[in-house]
Amino acid sequence: MNNTDIQLDIKKAENSRIDQVDFSNLQFGKINADHMMYCDYIDGAWQTPQIVPYGPMEIEPSAKVFHYGQAVFEGMKAFKDEEDQVWLFRPEQNFERINTSSKRLAIPEFPKDHFFTSLTTLLEMDKDWIKKGEGNSLYIRPFVIATENGVSASESNRYRFMIITCPAQAYYNKPIKVIFAQEYSRAADGGVGYAKAAGNYGAQFYPTKLAKAKGLDQIIWTDASSHEYLEEAGTMNIFFRVGDKLLTAPTNDRILDGVTRKSIIQLAKDTNVDVVVEKVSVKEIVNAAKNGELKEIFGAGTAATVVRVDGFEYDGTYYDLPTIDEPYGTFFKKSLQDIQYNKVKDPHGWTVKAF
Ligand SMILES: Cc1ncc(COP(=O)(O)O)c(C=O)c1O
């Protein structure tokens, strides 16, 4: 990648933990690679990024992140191809999005050279943790937290930007069942739904727990004011196939502008799939399910790439989706993964060699 020579302070782990890891049996996000990066914001400036062995760190109990939730994060992946080259998928999008999220939470933006130099150095140091093969990747979690101590409700003047990584296999290995939200909301107009703010996720756990108690896996969030339009899932954007049309909601200030979503929209255009980016009404989808026109629903996001929905609950009724030949979801998942693992020519210049 094109990095300027910014200075990093590096302290290598004395011993790698890699031999203790069973890479064929990974629980998503549980195991971390040997190193992590942190960079502090002090007195109005981001300091020298540090790469150190992964491990606990000291933080004061009065740090503002614990009290006011001033925290944002990102999710991206590094992929290894058959020649052991390591690739990132549209990493600039994640870099820009974390700064969009930071701005909304009054967190200072992180410099691009700090981000890419430390990310690529970290990946090179932990390259053995990136395994080849379909579904395998190193999940990358950049995040920023407010570290100033003091329990007064105001923005922090100290922050820590960090990058940790976790080896990952495919996120969901079976189709999911969802419920369309009618009571709770994920995001409101003028709020932080479009940001990857930590609080957006914490607020979903309770309604999701209720859904899980009914045997459903996830919630498809609807607009907060009317609950009439389908917006996105907890960690994925969502696509509906009605007849041969592929529908997805336009982004707005309640919806995360997903990298996978925008890549699928582009791939759909490339392959002459009739993709419609317009508000998707609950009524339209329920009617399509009733009259057999609803062929597919799938979620799209970095962690899962694409995951099939095999049914949804709405207003107390469960609607099963049919099993169809040549689903769009499978096609787009394969098309994306072929690009991500450098198996095919990347027509849009999305993949970037990490080092
Ligand atoms: C709320 C939400 N929507 C959508 C997505 C999908 O975005 P992306 O494709 O950039 O991973 C994510 C995951 O980052 C998410 O957390």
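Structure's up top.
Residues numbered from 1 in each chain as written. Predicted model: local features only at pLDDT ≥ 70, side-chain atom pairs only at ≥ 80, totals over all residues. Heavy atoms only, no water.

(A) Layout of the layout of surface pockets. Taken as a whole, the second largest pocket spans an internal volume of roughly 290 Å³. Lining the second largest pocket are 15 residues, with R141, F143, I145, M162 and I164 sitting closest to its centre. Only β5 (71-73), β8 (137-146) and β9 (159-168) provide two or more residues apiece to the lining of the second largest pocket. Looking at the lining of the second largest pocket, the element that brings in the most residues is β8, giving four residues. Of the residues assigned to the lining of the second largest pocket, the class counts are 13 nonpolar, one polar and one charged. (1 Å grid on protein atoms, 1.4 Å probe; cavity = no way out; pocket = protein on both sides within 12 Å on 5 of 7 lines; lining within 4 Å. Points joined across faces, edges and corners; volume = space filled by probe spheres on them. Helix = DSSP H or I, 4+ residues; strand = E, 2+ residues; numbered from the N terminus. Nonpolar A, V, L, I, M, F, W, Y, C, P; charged D, E, K, R; others polar.)

(B) Fine view of the packing of aromatic side chains. Following the criterion strictly, the structure yields 21 aromatic pairs and no others. On the basis of an interplanar angle of 90 degrees and a centroid distance of 4.9 Å, the ring pair of W46 and F110 is categorised as edge-to-face. Here W46 is found in strand β3 (residues 45-46), whereas its partner F110 is found in the loop between α2 (91-104) and α3 (112-125), with 64 residues between them in sequence. Note on accessibility: W46 and F110 belong to one class, buried. (Phe/Tyr/Trp six-rings, centres within 6.5 Å; stacked < 30°, edge-to-face > 60°. Buried < 20%, exposed > 50% of the residue type's maximum accessible area, 1.4 Å probe, protein only.)

(C) Seen up close, the packing of helix α6 (residues 259-270) against helix α8 (residues 328-340). Two elements in contact, α6 and α8, have axes separated by 10 Å at closest approach and are oriented at 105 degrees. One element, α6, and the other, α8, form an angle in the roughly perpendicular class. Between α6 and α8, the contacting residues are T260, S263, I264, L267 and A268 on the first element and F332, S335, L336 and I339 on the second. Classifying every residue of the contact of α6 with α8 gives six nonpolar, three polar and no charged. (Axes fitted to C-alpha atoms, helices over the stretch in contact; angles between N-to-C directions. Parallel < 35°, antiparallel > 145°, perpendicular 65-115°, else oblique. Contact = heavy atoms within 4.5 Å.)

(D) The pairing of strand β18 (residues 305-314), seen in detail. Burial of β18 is extensive: nine of the ten residues sit out of reach of the surface. Bridge count between strand β10 (residues 176-180) and β18: four bridges; the pairing is parallel. The residue of β18 that forms the bridge with I176 is V309. When strand β17 (residues 294-301) meets β18, the two strands line up antiparallel, connected through five bridges. Within the sheet, the bridge partner assigned to G301 lies in β18 and is T305. Relative to strand β19 (residues 317-320), β18 runs antiparallel, the two sharing four bridges. Counted as the bridge partner of F312 is Y319 from β19. Where β18 folds back on β19, the antiparallel hairpin that results is connected by two residues, among which D315 adopts a positive phi of roughly 55 degrees. (Pairing = 2+ DSSP bridges.)

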